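Overview (structure and organization)
Here's the letter readout for the chains.
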Amino acid sequence: MSDLAIAASGVGKRYRIGTAQVQHNTLRDALASSTRRLWSSMTSPGDRAEPDHFWALQDVSFQLRQGEVLGIIGSNGAGKSTLLKILSRITEPTTGEIAIRGRVGSLLEVGTGFHSELTGRENIFLNGAILGMTRQEIRGKFDEIVDFAEIDRFIDTPVKHYSSGMYLRLGFAVAAHLEPEILIVDEVLAVGDADFQRKCLGKMGSIAVGGRTVVFVSHNLDAVQALCTRALLLDEGRVLSDGPTHQVLEQYAKSRLDSVSRKSWPEPQSAPGNDTVRLKGARILAEDGADTIDVRTPFRLEFEYWNLVPDTRLSLSVHVYNHHGVRIFNVGSTKEPTSQPAGLVRETCSVPGDLMNSGTYHLELIVLRDQTEAVLKFEDLLVWEIADNPDLRAGWYGEWPGAVRPNLPWRIDRIDEDGEATGRDAAGVP
Amino acid sequence: MKTMTAITEPVVEHEVPLTVIRPSRGWRSLDLREVWAYRELLYFLVWRDVKVRYKQTALGASWAIIQPFFTMVVFSLFFGRLAGVPSDGLPYPVFAFAALVPWTFFANGLTHSANSLVGSQNLIKKVYFPRLSIPVATVLAGAVDFALAFAVLLGMMLFYGITPTANVIWLPFLLLLALVTSMGVGLWFAALNVRYRDVQYIVPFLVQIWLFVTPIAYPSSMLDEPWRTLYALNPMAGVVEGFRWALLGGAAGAGEAPLSAPGPMLAVSTVAAIAIFVGGAFYFRRLERTFADVV
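Below: a short report on this structure. Just so you know, the residues in each chain are numbered from 1, in the order the chain's sequence is written. In the order they appear in the text, chains get letters beginning with A and ligands get numbers beginning with 1. Residue-level local features of this predicted model are given only where pLDDT is at least 70; pairs of side-chain atoms are given and counted only at 80 or more, and the full residue set underlies all totals for whole chains, interfaces and linings. Computation of side-chain values: all heavy atoms of the structure, hydrogens and water removed.

A short note on the sheet that holds strand S8 (residues 230-235) of chain A
All names here are of chain A. Applicable threshold: Following DSSP output, two strands are said to pair if at least two bridges run between them. Here a helix means four or more residues in a row that DSSP labels H or I, a strand means two or more in a row labelled E, and each is numbered from the N terminus. Between N-to-C directions, angles span 0 to 180 degrees; the directions come from axes that are lines fitted to C-alpha atoms, helices contributing only their stretch in contact.
A sheet is described by the order of its strands in space; here six strands give the open sequence S5-S6-S7-S3-S8-S9, paired in mixed fashion. Each having just a single partner strand, strand S5 (104-107) and strand S9 (238-244) make up the two edges of the open sheet. Pairs of neighbouring strands in the sheet enclose a mean axial angle of 15°, with direction left out of account. As defined by bridge partners, S5 adjoins strand S6 (residues 182-186) across four bridges and the pair is classed as parallel. When the sheet's bridge partners are listed, Gly105 is paired in S6 with Leu183.

Below, the structure is given as structure tokens:
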């Protein structure tokens, strides 16, 4: 394994889910039983027969060559953090084995071990030592760290007087100057303002191209795409896919699209609804028939329902929210609903491309009678992902700011001395 | 004992360490080599504890003196004056204070180290290092307090005109004995505290009881042999009598023999302290693997 940095085979981690509580009728019973428990756990912690456990990770195997930058992705609870904790030796695996060649620096949090009473200078040394730097290394990088954190004037102020931004900058600055052969990074980029994120990502990028082996976990798929050559997709503790980043990201987007972007209830008896209307199905479709939707793709929202009462005037109202919970838009299907006979109805709404920003969206559907009365309401009926389109990025791989991301036409003119304008039309950078 | 835990083996030709992570079972080696490899971290943890201990306190480091000093005053009044407890022919205040200085070092070390892991849970959950560093650093940081209180003790000896004997060369050993005992008990409780927060209530109570079962307010010479020697199974009994002997030994009152060397007591205390320490360290290492998951 000469050029392998990490070789993991069959790694699993089992956690206990709180012990089933035994009913104690008397204090004496409780004491006796807890004494027994105390004794048994003092003598043999770990190997108690516990039926209530779950596997946070199961049979995870992968190999990482030196210099590779691996992104680990997956939904919440997929086991990403557990894997990082095992790789950084914070917790032990229950099964399996990992061989790691090289000094490991792990960065699971910004500012680990900062003490609020100590000054910035003191915390740089403390935090550096905790992250595994020697005093000499820290002294050598001290000025660079202070520069990066932009806290010059406050270096001898206790960090409890720092703003949260300064605190984060200092924390990241120390961590960014760690120089292990293998760097393990979790979600640290999810903090701070846009400027800070941009700076962190820039630094991460330079670390990644610097030939170091990096394991990187993030919810920011754009960052994963930009930084990582390879990605590992975890799902419920297992490796679902391992390969080139774009391929794995595509599969991830597709799996999320599949699981939530369509719902159907073929039988009216079991369909959700009431005596007036029952929902048969709802789905999201890319106009081009592709499996994924990115910011340029026009797509359709399609709803089918059974109208159970003849001559009812029904219409739909759709509310779309982004992952911050902000309502992006609300559209109704018609201003003047017409009476419809009982039976199945399909309503389709077309959403143009170059309108919505990338991210996760969810949709609320309300069925209205006579334009005013809500007869049926579904919150979070559909959840879907709009992927970013790498062609549209101008070197920036953080989250694109803004609730929407329209592609608007621009015109660029040069005005000469006579006031004559000559120029060209341009497509903006969305 | 074969170590089943993560082993760091330097590979000479590459100078790149190879770490193997696999589940460990049962008892594990102490892996003191790793604690040594992380000695800089240990240094910074001690440094942090020393720096932070008296921040934002009005009296600052004088707390290190106030605590044992006022206990000595109270003991002198109630045990020395009112109850007339004997003091091996020594002035009672210096008799009590010579015992309270190492005792305070022991008691604070024990209390702080028992709470150290729980207090550092954000570290334990976020970064790897030998966990032994945390309680060990906490006890070591108490050495600064000890030095301050010890200076006051020397002042008191000067005041009473007591010159130390040549036996003071034993003091480092006696201090080490107090340190080992404090760490040993601290390791047991620090590890237990991770799972059972009851420890937070047990420790102050234990320290209180232990104070009275240690010959601080009274001399161990009140006991006959062999009980006196057996008494030293409490390692602090050996430490305290050792301190008195080494520092004040030559100053017994007129007509009384100088304090005899508490040799058998020290031997028993040393064995007991080592047993507590080794047991505590292994127990700590055994529970260590669950710390990050349980704390």
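Regarding the interface of chain A and chain B
Going by this rule: For this analysis, residues touch if any pair of their heavy atoms sits within 4.5 Å. Here the quantity called buried area is the accessible surface, traced with a 1.4 Å probe, that two parts lose on coming together, added over both. Take a side-chain nitrogen of Lys or Arg and a carboxyl oxygen of Asp or Glu: if they are within 4 Å of each other, that pair is a salt bridge. Residue polarity is assigned by list, with Asp, Glu, Lys and Arg as charged and Ala, Val, Leu, Ile, Met, Phe, Trp, Tyr, Cys and Pro as nonpolar; anything else, Gly included, falls into the polar class.
If you look at the interface, chain A gives 48 residues, while chain B gives 44 residues. Taken over both partners, the interface formed by chain A and chain B buries close to 4,100 Å², and the fraction arising from carbon and sulfur atoms is 57%. Along the contact surface separating chain A from chain B lie six salt bridges. B:Lys51 serves as the salt-bridge partner of A:Glu122, at 2.6 Å between the closest nitrogen and oxygen. Looking at the side of chain A that touches chain B, the elements with two or more residues in it are strand S1 (4-16), helix H1 (27-43), helix H2 (80-87), strand S4 (95-101) and helix H3 (120-130) of chain A. A per-element tally of the side of chain A that touches chain B places S4(A) first, with seven residues. Across the side of chain A that touches chain B, the residue classes tally to 19 nonpolar, 14 polar and 15 charged. Strand direction decides the pairing type here: S4(A) and strand S2 (residues 16-21) of chain B, joined by four bridges, are antiparallel. When the sheet's bridge partners are listed, A:Ile100 is paired in S2(B) with B:Thr19.

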